[in-house]
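Coordinate analysis (summary)
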Amino acid sequence: MPCGQQEGGAGPARYVVGVDVGSTVVKCHVYDRAAAVRGSSSRKVESLYPRPGWVELDPEVLWSQFVSVIKEAVQAAGLHMRQVAGLGISTQRATFITWHKRTGKPFHNFISWQDVRSAELVNSWNKSLLLKVIHVIFTVLHFLTGNDRYLAPSFLTFSTQQTSMKLSWVFKNIDEVSWKGENNSFLKPKVKPQNFGLLSRGRGIQTKLPCCAPWYCKCPVYSCQILNHKAFLFFPVTYFLVLQSILHTFTLCPNLRNLILVLNVTVGVACIVADQQSAMFGECCFHPGDVKLTMGTGGFWNVNTGEHLFASRRGLYPLIGWKIGEEVVYLTEGCMSDIGTAIKWAQDINLFTNVDETAEMARSIVDSQGVCFVPGFQVSANDPYLCASFMGLKPSTTRNHLVRAILESVAFRNKQLYDMIVKKIRIPLQTIRADGGVSNNSFVMQMTSDLINKKIEKPVHADMSSLGAAFLAGLASGFWTDKEQLKKLRRTEVVFEPQKDSEEYKPAMDTWLQAKKHSLHW
């Protein structure tokens, strides 16, 4: 049956569904052919914090929320599932679970990408003599050959965001999880892609190229292992997802036939894609030099580098954006933690009532009066022990100063990442498009535009991960024909243009950088 046709004689389907399983919210939108939202639903994701630094998600609760938002969004649109051409799913990256292959029973909750339980292990590996030797070997190989294949491992470092480190922690600390089963009574666990181990209810699912990059110590863009994991990380490569058999396919309908039952109707899952790649596609950043800035739970700058791969550098790393047919598009990414997290925390401690108030609170004062906020609630690739802190507090400090300091910290870090991208990526940057919940904050957007001295476009709807997944599902099902058609569907709500010289912010940013230094290695 063609993907755009549904069973039961319903005829050609007229809608696509995009689901974004994020760190804080599971959202579902139903889109028509004009990419207008016809129905929506969302559920708050409740993170679990069993110990300091640990961040987990209950798999059964997440599955229930996933199914519920699809049902509710379709019902809100006044539709039947037979009218849906396909389902696209955007997922978190580096959030994983292990389970018994035979019984399907999980050994633990999902361990979130924000989790830092592996910090000591990461620190130990990064200081190890073996890693230093590897750096030297590959630096020499790169110097002798000039091949960028050897550049990435010459900068190789581990971080708490990498699934390999957390999985190594699991093997060391959870007795039930072991690949050394006796008499084959234990069948080895597998890491399923992001949040969808439950999608097939334990029957197995494969990931695609755009999902695999941040998972482990692998260079996915070269489709080759940098190191032998069995010797280097003490667990075999076979514990990771099967990639080789699908490296030359994308998550289009003919290649992914996993189905879920929703409202008693089978719906084709036409696309499963990582959140940042999905948002990049939703923003229609299809051309080399196009830039996407996502500000959600965390912050991500992505640059489309076309068919050219830029090897990993400190602070930036390469990703596969998407592969459609023979076209492979590469991205370069830089990330920062604690964007939405910090703002949500400020709301939880009653610095403000509604997040919509924060931009006006920040503008109501001339500056933060020397108050600086250093985010560090969760993961930092460079320093897992970074301490979140307010500095420069005075008797005259008010809530407005604290709120402004938090928002300024977002803009300052945007400036840092942008400058790094300009310095290290050797292609002219074109359009910059922002999305994510924090992109609705006009203070952050305007200050970022001022600091980088560039225009920033903000779309009508900030949920680009959902839209990107829907776009891909629509292409897979024939609902939309090509990327040129998708570009015509994109709608911009506002364009932020520089209004102040970036030098006017220099004293405040210098103070913030000094505060950040005092928060390191806490």
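Predicted model, so just to flag it, every value in this text is computed and none were measured.

As for the confidence of the model for the protein
On average, residues of the protein carry a pLDDT of 80, and 78% of them reach 70 or more. Within the protein, helix α12 (residues 442-452) carries the highest mean pLDDT (97), whereas helix α7 (residues 229-232) carries the lowest (45). Residue range residues 180-231 is modelled with pLDDT below 50. Its contacts to residues more than four positions away, or to other chains, number 164 contacts. In the model, residues 237-260 has pLDDT below 50 throughout and makes 78 contacts with residues more than four positions away in sequence or in other chains.

Quick word on the environment of Q485
Within the secondary structure layout, Q485 lies in helix α14 (residues 483-489). Remark: the alpha-carbon pair of Q485 and A34, spanning 451 residues in sequence, is separated by 9.8 Å. There is a polar contact of 2.8 Å between the side chain of Q485 and the backbone nitrogen of T481.

Observations concerning the pairing of strand β12 (residues 299-306)
Within β12, eight of the eight residues are buried, leaving the element largely enclosed by the surrounding structure. Here β12 shows two buried faces, one formed by G299, W301, V303 and T305 and the other by F300, N302, N304 and G306. With antiparallel pairing between neighbouring strands as the criterion, strand β11 (residues 291-295) and β12 make up a hairpin whose turn holds three residues. Across seven bridges, β12 lies against strand β14 (residues 327-336) in antiparallel orientation. Directly across from G306, in β14, lies its bridge partner Y330.

A word on helix α9 (residues 340-348)
Residue pairs spaced three or four apart in an α-helix point in one direction, given the helix's 3.6 residues per turn. Here α9 has its buried residues at T341, A342, I343 and A346. If you follow the buried residues of α9, they end up packed against β15 (372-374) and α11 (399-424). Note on α9: the residue one or two positions beyond its end, N350, has a positive phi of about 70 degrees.

Let's talk about the packing of aromatic side chains
Using the criterion set out here, one finds 14 aromatic pairs in the structure. For the pair W63 and F66, a centre-to-centre distance of 5.8 Å together with 35 degrees between the ring planes defines the contact as tilted. Residue W63 and its partner F66 are located together in helix α1 (residues 59-76), separated by three residues, close to a single helical turn. Grouping residues by exposure puts W63 and F66 together as buried. Judged by centre distance (4.8 Å) and plane angle (75 degrees), the ring pair of F479 and W480 falls under edge-to-face. We classify F479 as buried; its relative accessible area is 5%. Residue classification places W480 among the buried residues on the basis of a relative accessible area of 1%. Taken together, F281, F286 and W322 form an aromatic cluster joined through their ring pairs. Over the face of the ring belonging to W54 we find R117, whose NZ or CZ atom lies 3.8 Å from the ring centre. We note K483 situated over the ring of F286; from NZ or CZ to the ring centre the distance is 5.3 Å.

Quick notes on the nonpolar core
M295 and W301 are the most contacted members of the largest nonpolar core, which totals 49 residues. Top contributing element to this core by residue count: α11, with eleven residues. Those residues in contact with M295 that lie beyond four places of it in its chain are I339, V410, N414, D435, G436, G437, V438, S439, V444 and M445.

How each quantity is defined
- In this numbering scheme, every chain counts its residues from 1 along its sequence in written order.
- Local features in this predicted model are restricted to residues of pLDDT 70 or higher, and side-chain atom pairs are both shown and tallied only at a pLDDT of 80 or more, whereas totals for entire chains, interfaces and linings draw on every residue.
- Calculated side-chain values reflect all of the structure's heavy atoms, with hydrogen atoms and water omitted.
- Within a predicted model, pLDDT stands for the predictor's per-residue confidence, ranging from 0 to 100.
- Helix and strand assignments come from DSSP, with helices taken as H or I runs of at least 4 residues and strands as E runs of at least 2, each series counted from the N terminus.
- Contacts were defined at the residue level, with two residues in contact if any of their heavy atoms lie within 4.5 Å.
- In protein, a polar contact requires one atom able to donate a hydrogen and another able to accept it; more generally it is a pair of N or O atoms within 3.5 Å, and residues adjacent in sequence count only if both atoms are side-chain atoms.
- Each residue is assigned to one of three classes by its accessible area relative to the maximum for its type, calculated with a 1.4 Å probe on protein chains only: buried under 20%, partly exposed between the two thresholds, exposed over 50%.
- Being paired, for any two strands, means DSSP has found at least two bridges between them.
- Any two of the Phe, Tyr and Trp rings considered here, Trp counted by its six-membered ring, make a pair once their centres fall within 6.5 Å; the pair's planes then place it as stacked at under 30 degrees, edge-to-face at over 60, or tilted in between.
- Counting as a charge over the ring demands two things of the Lys NZ or Arg CZ atom: a distance within 6 Å of the ring centre and an angle within 35 degrees of the ring normal.
- Nonpolar core, defined: a set of buried Ala, Val, Leu, Ile, Met, Phe, Trp, Tyr and Cys residues in which side-chain atoms within 4.5 Å join the residues together.

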